[in-house]
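Structural overview
Spelled out, the chains give:
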Amino acid sequence: MKSTRQCSRTNCARPAAATLTYVYEDSTVVVGQMAAQAEPHSYDLCADHGERFTAPRGWDVVHIHQDLVDPGPSTDDLDALARAVREAGRPTPPADIPSAPVASEPRRGHLRVVSGD
């Protein structure tokens, strides 16, 4: 399973291989293995940009050293996917549909049933 996400750097069309995240509280930048899903406050980088990234002055950079490649799904991932597909394919029992309230029943809220008489 290959990544379809691309590097976030301008004019770079290479596939993403790492995720960059800013930890503002600690003035730290973390560059590590690509996240499973794109997050709004993180940036995907290709292997080249992930290895060469430098932080702003006064910030620390934490490079989580590992091969910046997409390893594909593990056997655990495939097993979880198979279980999820099986579960989704099972028919669900019909839910009990509650009966409509009778006009004399007290109701909460601003709407109430008014009889036609």
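Residues numbered from 1 in each chain as written. Predicted model: local features only at pLDDT ≥ 70, side-chain atom pairs only at ≥ 80, totals over all residues. Heavy atoms only, no water.

**Some details on the side chain of Arg-5**
Checked against the element boundaries, Arg-5 lands in the segment before β1 (18-23). A distance of 2.9 Å separates a polar atom in the side chain of Arg-5 from the backbone oxygen of Ala-35. Among the polar contacts made by the side chain of Arg-5, one reaches the side chain of Asp-44 at a distance of 2.6 Å. Among all residues touching Arg-5, those that are not within four sequence positions of it are Pro-15, Ala-16, Thr-19, Met-34, Ala-35, Ala-36, Gln-37, Ala-38 and Asp-44. (Helix = DSSP H or I, 4+ residues; strand = E, 2+ residues; numbered from the N terminus. Polar contact = N/O pair within 3.5 Å; in protein donor to acceptor, adjacent residues only side chain to side chain. Contact = heavy atoms within 4.5 Å.)

**Comments concerning the state of the cysteines**
One pass over the structure, following the stated rule, counts zero disulfides. Cys-7 provides the cysteine sulfur closest to Cys-12, a residue in no disulfide bond, and the two sulfurs are 3.8 Å apart. Cys-46 takes part in no disulfide bond, and the closest cysteine sulfur to it belongs to Cys-12, at a distance of 3.8 Å. (Disulfide = S-S within 2.5 Å.)

**A short note on the confidence of the model for the protein**
Averaged over all residues, the pLDDT of the protein equals 76, while 64% of them reach at least 70. Within the protein, the element-level pLDDT minimum falls on helix α2 (residues 75-89), averaging 70, and the maximum on strand β3 (residues 42-45), averaging 90. (pLDDT = per-residue confidence, 0-100.)

**Focus on unusual backbone geometry**
Located in the positive-phi region is Asn-11, a residue other than glycine, with phi close to 65°. Classification of Asn-11 as exposed rests on a relative accessible area of 82%. Unusually for a residue other than glycine, Ser-27 sits at a positive phi of about 50°. Topologically, Ser-27 is positioned in the loop between β1 and β2 (28-33). (Buried < 20%, exposed > 50% of the residue type's maximum accessible area, 1.4 Å probe, protein only.)

**Considering the sheet that holds β3**
Judged by pairing direction, the sheet is mixed, and its four strands sit side by side in the order β3-β1-β2-β4 without closing on themselves. One side of each edge strand has no neighbouring strand; the edge strands of this open sheet are β3 and β4 (60-63). Taken over all neighbouring pairs, the strand axes of this sheet differ in orientation by 20° on average, direction set aside. For β2 and β4, the ladder comprises four bridges, and the chain directions are parallel. (Pairing = 2+ DSSP bridges. Axes fitted to C-alpha atoms, helices over the stretch in contact; angles between N-to-C directions.)

**Comments concerning the pairing of β1**
Consecutive side chains of a regular strand alternate in pointing toward one face of the sheet and then the other. Where β1 meets β2, six bridges bridge the pair, whose relative direction is antiparallel. Note that in β2 the partner of Tyr-22 across the bridge is Val-29. As consecutive antiparallel partners, β1 and β2 are separated by four residues, and within that stretch Ser-27 has a phi angle of approximately 50°, a positive value. Pairing analysis gives four bridges linking β1 to β3, with the strands arranged antiparallel. Looking at β3, one finds that Ala-18 is bridged to Leu-45.

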